[in-house]
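# Structural overview for review
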Amino acid sequence: MSKSLTIEAIELWMHHFATEIIGQEVWLTELDSAIGDADHGINMVRGAHSITSLLGEGSTGSIRELFKAVGMALISRVGGASGSLYGSLFLEMSTNSPQGTQIQATEFQAALRAGVNAVVARGHAQIGDKTMIDVLEPASVALTESITNGVELHEAIAAATTAASAGTQSTKPLVARKGRASYLGERSAGHIDPGAASSGILIHSLHTSISAGSVR
């Protein structure tokens, strides 16, 4: 039964996330053009290139150090609200991760839970506000419930990914209550939230990385 993720799996996760963000830049920009500043794709790609450069420098030594380095890179390169929110996610995951090169399933779900809580505290958003929380919250809940029920880690991550996909799509009919999109009122309905979209990419990239191995 798979019980932990290796640092190689986490590095692969970050690699897939960066690659997918770069590949989806146009889509993310189109989403943000409809209800925001049209810069989410551009900003996230800057962060993605920063992650790629970080990974190219070699191992950071521990999972805790890797998450911290990713968080700092996103804060410095993405900028604005997205940089702060994604940075908070990874910095809090760092604080709640072990110093070693493996993270147990229970430790990983606790780290993700802490990271999502940090995003909530930073952005003051909740389910239904049409933000990245509509993706991260259900993904975290699905992961925690699956692991608590003894589901194997790769299956728990698959459940989180399914929840993230549903969360991304759930933002389309919503009226935004946070961020620049909220200025549009009812006109913000009918569009997927760009932050939710990039968060969905984050969780899907985790699934891709564990599907490729490095789970023990």
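The notes below deal with the structure included here.

Turning our attention to the layout of surface pockets. There is about 610 Å³ of room inside the largest pocket. What lines the largest pocket is a set of 29 residues, among which A81, S82, L85, G179 and R180 lie closest to the centre. Put simply, the parts of the chain that give the lining of the largest pocket at least two residues each are α2 (25–35), α3 (40–56), α5 (80–95), α6 (105–123) and α9 (194–211). With 5 residues, α5 is the single largest residue contributor to the lining of the largest pocket. A per-class count over the lining of the largest pocket returns 11 nonpolar, 11 polar and 7 charged.

Here we take up the packing of helix α1 (residues 7–23) against α3. At a minimum axis distance of 9 Å, the contact between α1 and α3 shows a crossing angle of 145 degrees. In the packing of α1 onto α3, the handedness of the crossing is left-handed. Residues E11, M14, H15, F17, A18, I21 and I22 of α1 lie in contact with α3, whose contacting residues are M44, V45, A48, H49, I51, T52 and L55. Tallied by class, residues from the contact of α1 with α3 come to 10 nonpolar, 3 polar and 1 charged.

As a further point, take the packing of aromatic side chains. Counted by the stated rule, this structure contains 5 aromatic pairs. A ring pair is formed by F17 and Y86, whose centres lie 6.2 Å apart and whose planes are at 35 degrees; its orientation type is tilted. In this pair, F17 is assigned in helix α1 and Y86 in helix α5, connecting sequence segments 69 residues apart. Across the pair, Y86 and F17 agree in class, each one buried. Taken together, the aromatic side chains of W13, F67, F90 and F108 make up a single cluster linked through ring pairs.

What follows concerns the side chain of T131. Assignment of secondary structure puts T131 in the loop between α6 and α7 (133–148). Filtering out sequence-adjacent residues up to four positions away, T131 remains in contact with A125, T171, K178, D193 and A196.

In a regular helix each residue adds 1.5 Å, so 16 residues correspond to 22 Å; helix α4 (residues 63–78) covers 22 Å between its end C-alpha atoms and thus fits that length. Along its buried surface, α4 packs onto β1 (4–6), α1, α3, α5 and β2 (102–104). Phi turns positive, to about 70 degrees, at G79, one or two residues after α4.

Each value, and the rule that gives it
Residues numbered from 1 in each chain as written. Predicted model: local features only at pLDDT ≥ 70, side-chain atom pairs only at ≥ 80, totals over all residues. Heavy atoms only, no water. 1 Å grid on protein atoms, 1.4 Å probe; cavity = no way out; pocket = protein on both sides within 12 Å on 5 of 7 lines; lining within 4 Å. Points joined across faces, edges and corners; volume = space filled by probe spheres on them. Helix = DSSP H or I, 4+ residues; strand = E, 2+ residues; numbered from the N terminus. Nonpolar A, V, L, I, M, F, W, Y, C, P; charged D, E, K, R; others polar. Axes fitted to C-alpha atoms, helices over the stretch in contact; angles between N-to-C directions. Left-handed = near helix turned anticlockwise from the far one by under 90°. Contact = heavy atoms within 4.5 Å. Phe/Tyr/Trp six-rings, centres within 6.5 Å; stacked < 30°, edge-to-face > 60°. Buried < 20%, exposed > 50% of the residue type's maximum accessible area, 1.4 Å probe, protein only. Expected span 1.5 Å × (residues − 1).

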